[in-house]
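Structural features, examined
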Amino acid sequence: MTILQCQNVCFSNGTATILQNVAFTIQKGDRIGLIGRNGKGKSTLLQILSGQIALTTGQVARVLPTTDWCFIRQDFEFSNLRVSDYLESITPNYLNAKRAVDFANRQLQANVDSAEALAAFTEAYDHFLAIDGYGIEQKLEQALATLGLTKAHWQMPIAALSGGEKTRLQLTQLLIAPTSFILLDEPTNHLDDEGIDWLIKWLQSYKGTFLVVSHDRYFLDQVATSIIELKSDGTKRYPGNYQAYHAQKQIEEQTAKSLYQKQRKQEKKVQEQIKKIRMFYEKANQAASVRDPFAQHQAAKTAARYKAKASSLEKLTAESIAKPEEKKLIHAALSATSFKPRTYIHIEDAAYSYNGQESIWEHLTLDIIRDDRIALIGKNGSGKSTLLSVLTGSLTASGIVQHNPSVRIGYFAQTVATLNPEATVLDAVMALPNMTYTEARTILASFLFIKDEVLKRIEVLSMGEKCRVAFVLLYFSDANLLILDEPTNYLDIDSRVQIEAALASFDGALVIVSHDRYFLKNVANKVLQIKDRQFHVVNNYFD
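Core analysis: the biggest nonpolar cluster contains 41 residues, and F412, V429, L444, V469, L482 and L503 have the highest contact counts within it. Taken together, the elements giving at least two residues each to this core come down to β12 (373-378), α12 (425-430), α13 (437-446), α14 (463-475), β15 (481-485), α15 (493-504), β16 (509-513) and α16 (517-523). For this core, the leading source of residues is α14, giving 6 residues. In this structure V429 touches M435, A440, I443, L444, V472 and L473, once residues within four positions along its chain are discounted.

Positive phi, normally seen in glycine, also occurs at D132, with a value near 60°. Mapped onto the elements of the fold, D132 is located in the loop between α4 (115-130) and α5 (133-146). Overall, D132 belongs to the partly exposed group, its relative accessible area being 47%. Even without glycine at this site, D371 takes up a positive phi of about 75°. Secondary-structure assignment places D371 in the loop between β11 (361-369) and β12.

Attention now moves to empty space enclosed by the protein. Inspection of every chain in the model, using the stated rule, returns 3 cavities of 30 Å³ or more. Within this model, the largest cavity holds a volume of roughly 100 Å³. Taken together, 15 residues form the lining of the largest cavity, with T188, N189, D216, N489 and R496 sitting closest to its centre. Of the residues in the lining of the largest cavity, the class split is 2 nonpolar, 8 polar and 5 charged. By volume, the second largest cavity is sized at about 40 Å³.

What follows covers the pattern of salt bridges. Inspection of the entire model under this criterion finds 23 salt bridges. With a closest N to O distance of 3.5 Å, R217 and D516 form a salt bridge. Remark: D516 occurs in the loop between β16 and α16 and R217 occurs in helix α8 (residues 217-223); sequence separation between them is 299 residues. Assigned by exposure class, R217 and D516 land together as buried. With a closest N to O distance of 3.6 Å, E252 and K249 form a salt bridge. Pair noted here: E252 and K249 are both in helix α9 (residues 242-287), with a separation of 3 residues, about one helical turn. K249 gets classed as buried once you look at its relative accessible area, which sits at 7%. One continuous salt-bridge network, built from bridges that share partners, spans R82, D85, E88 and R99.

Parameters and conventions
- Each residue is numbered by its place in its chain's sequence as written, counting from 1.
- The model is predicted, so local features are restricted to residues of pLDDT at least 70 and side-chain atom pairs to those at 80 or more, both for listing and for counting; the totals for chains, interfaces and linings are taken over all residues.
- As a convention, hydrogens and water are excluded, and side-chain values are obtained from all of the structure's heavy atoms.
- Think of a nonpolar core as a cluster: buried Ala, Val, Leu, Ile, Met, Phe, Trp, Tyr and Cys residues, connected wherever their side-chain atoms sit within 4.5 Å.
- Each residue is assigned to one of three classes by its accessible area relative to the maximum for its type, calculated with a 1.4 Å probe on protein chains only: buried under 20%, partly exposed between the two thresholds, exposed over 50%.
- By definition, any uninterrupted DSSP run of H or I lasting at least four residues is a helix, any uninterrupted run of E lasting at least two residues is a strand, and each is numbered from the N terminus.
- Any two residues having at least one pair of non-hydrogen atoms within 4.5 Å are treated as being in contact.
- A pocket, in this scheme, is an open set of points on a 1 Å grid over the protein atoms alone with protein on both sides within 12 Å along at least 5 of 7 lines, while a cavity is a set where a 1.4 Å probe fits but cannot get out; residues line either one if an atom lies within 4 Å of a point.
- Grid points are joined across faces, edges and corners, and a volume is the space filled by probe spheres set on the points.
- Gly falls in the polar group here, along with every residue not listed as nonpolar (Ala, Val, Leu, Ile, Met, Phe, Trp, Tyr, Cys, Pro) or charged (Asp, Glu, Lys, Arg).
- A carboxyl oxygen of Asp or Glu within 4 Å of a side-chain nitrogen of Lys or Arg is what we treat as a salt bridge.

Listed below in structure tokens is the structure:
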């Protein structure tokens, strides 16, 4: 059964074409991962599929009605709504009945002897029982608890929730009001390992159909059975998970490159032959005359060969394949200062608490030494970012935390809040000591900021672009210890691969917080977990 069909979908925002030639079909039971570079229109496409924005040209045939769809959005805000308002949108019958009971109960308490108030309460309560209100309430509480939220969150404004809490709140739809088709836009971006593992298991057991946008390669490997790649000129579908797509893509790119090179070689050979034949023809034609039939014959023969080769070249040109598109990739290598101490930071029986309350974590004893590449993992709220702030010296923990006088720390904050929003990209780099305009433009181009893009103000950049600016500043930090808090959260897969390569070649020490297991596997050599306020070395994290 066909769920949805796209035919030649195009979208323009009035100034630029975001999508063009998008075409694919989703069948019942499909488990599709949608990937593509940042800015290629993945989130826009999901909004078009769900009917939230109109396409420019083309057609989207929704065979399954959208009432049986679920859309987990990346930009979930609804700042003027409370959590209960959102839950009401999922279970309107329950919350309307519950509010009717609460209102009738208040009226009855204010008018205890009123038969009318008693009748209204009885009617409201009977309706609540008729729709299994207590059962739905229990289901809601279980769903929220399963996803790490409690009933205490109900009256909180959604804007006050963390990114992970917003995602988990949306995921309650999967448990409370299951549907046949799900769109998910970057659902793992703010989830911790525990949340990602829960979502993976839920999707693996889900009987319906889903399309998920993600840059998390591990996640895609676990849940996707086909991959659709979105590019500037359209879409292409590949069978299998991300690993299968990556293997097919490499073969495809190498084949296209080989064919292109072979064809250029053939064209060059024919061009050289034509050049020689033309020289022979010109000589033969000059020597030919009416009185020399042999010379005339040779000239005619050479002319025929010339035309044949010209025709062959024309055919080659007509059948030529386009030069394979070269990906715009980050090209940079990070290097530490020439001096690398044996021990960067010595920590002994350290603990941290806010305002003297119960410790977030405690009893940390750790030496960060040369060649350490530590992955710090743990549930959201376990204190990972707090520990990074202690390592950088912006927060003070109890116990012993000693920095080697020679340590130079480069810090990447997941909020990239250290960037000046008023500055342009070029300003941010030119502010570095001894920076020249030429050097700034060169390194910015290496991080994919070209032409007028360097004149963009930081405040208008996407989070992925801000991350790239932050990495440029790290590039010049002359640090021998890099402390990175979720460095890949807003980067597409190609950019993650390039940053992985840059960090893998970094010859200083690293401490990284990330939930991207592919990234950590390629960069880290030690995994430290915060669990139940204690620290544990995990030896089989990547198994």
